[in-house]
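Below are the chains, spelled out letter by letter.
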Amino acid sequence: MSLVIVSGSAGLIGSETVRFFAGKGLDVIGIDNDMRAEFFGSDASTDWNRQILEKEIPNYRHVDADIRDEEAMKRIFQECGSRLTGVIHCAAQPSHDWAAQDPFKDFTVNANGTLVLLEMTRKYAPEAVFIFTSTNKVYGDLPNSLPLVEKETRWELEEHPYAKFGIDEQMSIDQSKHSLFGASKVAADLLVQEYGRYFGMKTGIFRGGCLTGPAHSGTQLHGFLAYLAKCAVSGAPYTIFGYKGKQVRDNIHSEDVVSALWEFYKTKNNSGIYNIGGERKNSCSILEIIDILKKKYNIKLNYKLIKTNRSGDHIWYISDMSKFKKKHKSWRIKKTLDQTIYEIINN
């Protein structure tokens with residue numbers, strides 16, 4: 001039976017990947033040492049998710065290890081041998097705010113950790129598909145230079161090639177402010193590209209917008225929609241950082257993300273760089289989400305709005321997925337924004 005390795009296996013996308021690939025009949029080894037709790041505190045721990053995976057999925061094996069630990073990774077990859085057909089790399093330090101607190105740890109987790117996994121794949125399973133969950137932060141704050149127009153509830157893009165479908169993969173990743181997190185993810189993104197081109201490995205890079213879902217352990221520093229909903233339901237105060245709460249994101253459910261990763265995985269001799277997000281139809285501003293919660297769920301968010309925005313944060317970002325959909329014609333987004341919000345609230 002084929003085998004895949006999933007890093008960050010107890011996180012949002014990692015755990016969804018475990019369920020999906022295991023459901024397709026593959027054995028899955030998950031690598032996760034719950035660093036999310038170290039980054040964001042015990043409330044953000046994913047240990048609860050690990051326990052569920054181990055209990056419910058018989059063809060899943062969990063390994064508590066750090067992806068930066070070369071010897072530990074070597075043992076895992078050597079054990080897998082020729083059965084290993086895919087590596088889905090979801091582990092990361094995911095917050096651009098947190099990265100400034102500890103640049104060394106941010107960079108070693110995101111860049112060095114990715115390098116270790118790439119090298120282990122190249123040495124012990126060179127034919128395996130290597131999928132990397134990158135981020136739209138590789139584009140830095142360049143999206144903020146687009147001719148945005150302020151509307152009543154959101155910033156909007158009207159007269160521009162990106163207006164209809166969103167930002168495509170041709171946007172430059174150069175000469176903009178990325179945040180230290182963005183820089184470490186750029187380094188990892190380029191490493192994965194290079195291993196594909198230089199060594200001929202099958203590499204897929206998915207530059208995510210707002211990836212979300214009910215399994216998201218959202219916190220103030222990461223997980224916009226899940227954290228906002230969590231605050232709304234619990235009555236906890238929520239802070240909006242800048243842009244009048246009109247900043248726009250496209251939100252994609254974790255199930256739809258993972259089904260896209262599966263489409264890439266099963267396509268032979270596939271390599272590529274793809275933006276992945278909810279597209280325009282699943283985009284919203286913070287103010288619009290607050291309004292949806294109030295009108296549809298009778299939930300009022302206790303929030304304050306401060307003028308200062310997060311450094312390097314996007315004002316407007318919508319993912320153009322035309323490139324991926326053109327190559328993988330059977331894939332489509334199934335979860336609407338309303339369905340995603342409903343699932344998060346009722347989790």
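Scroll up to find the structure.
These lines cover the structure that appears in this document, whether it is placed above or below. (Residues numbered from 1 in each chain as written. Predicted model: local features only at pLDDT ≥ 70, side-chain atom pairs only at ≥ 80, totals over all residues. Heavy atoms only, no water.)

1. With respect to the pairing of strand 4 (residues 84–89)
Inclusion rule: With a 1.4 Å probe rolled over the protein chains alone, any residue whose accessible area is under 20% of its type maximum counts as buried; one over 50% counts as exposed, and the rest are partly exposed. Strands are runs of DSSP state E lasting at least two residues, helices are runs of H or I lasting at least four, and both sets are numbered from the N terminus onward. Two strands make a pair as long as DSSP finds a minimum of two bridges between them.
Counting buried residues along strand 4, five of its six residues qualify, which places the element largely inside the surrounding structure. With five bridges joining them, strand 1 (residues 3–7) and strand 4 adopt parallel strand pairing. Bridge pairing in strand 4 places Val 6 opposite Ile 88. Here strand 4 runs beside strand 5 (residues 129–135); their pairing, made up of four bridges, is parallel. Following the sheet pairing, His 89 is matched in strand 5 by Phe 132.

2. Notes on the packing of aromatic side chains
Just so we agree on the cut-off: Geometry of aromatic contacts follows a simple scheme: Phe, Tyr and Trp rings, the Trp one being its six-membered ring, pair when their centres are within 6.5 Å, and the pair is stacked under 30 degrees between planes, edge-to-face over 60, tilted otherwise. Here, a charge over a ring means that NZ of Lys or CZ of Arg falls within 6 Å of the ring centre while also lying within 35 degrees of the ring normal.
Throughout the structure, instances matching the rule amount to 17 aromatic pairs. For the pair Phe 206 and Phe 264, a centre-to-centre distance of 5.7 Å together with 85° between the ring planes defines the contact as edge-to-face. In this pair, Phe 206 is assigned in strand 8 (residues 202–208) and Phe 264 in helix 9 (residues 254–266), connecting sequence segments 58 residues apart. Here Phe 206 and Phe 264 have matching classes, each one buried. Positioned above the aromatic ring of Tyr 274 is the side chain of Lys 323, whose terminal nitrogen or guanidinium carbon lies 5.3 Å from the ring centre.

3. Concerning the sheet that holds strand 1
Applicable threshold: Angles here are taken between N-to-C directions and fall from 0 to 180 degrees, while the axes themselves are lines fitted to C-alpha atoms, restricted in helices to the stretch in contact. By the convention used here, residues are in contact when the closest approach between their heavy atoms is within 4.5 Å.
What the seven strands build is an open sheet, ordered 3-2-1-4-5-8-12; its pairing is parallel. If you trace the sheet from one side to the other, it starts and ends with strand 3 (60–63) and strand 12 (272–276), each paired once. Recorded for the sheet is a direction-independent mean angle of 15° between the axes of neighbouring strands. Together, strand 1, strand 2 (27–31), strand 3, strand 4 and strand 5 form the strand contacts of helix 1 (residues 12–23), whose direction differs from that of strand 1 by roughly 170°.

Structural measurements only, silent on function.
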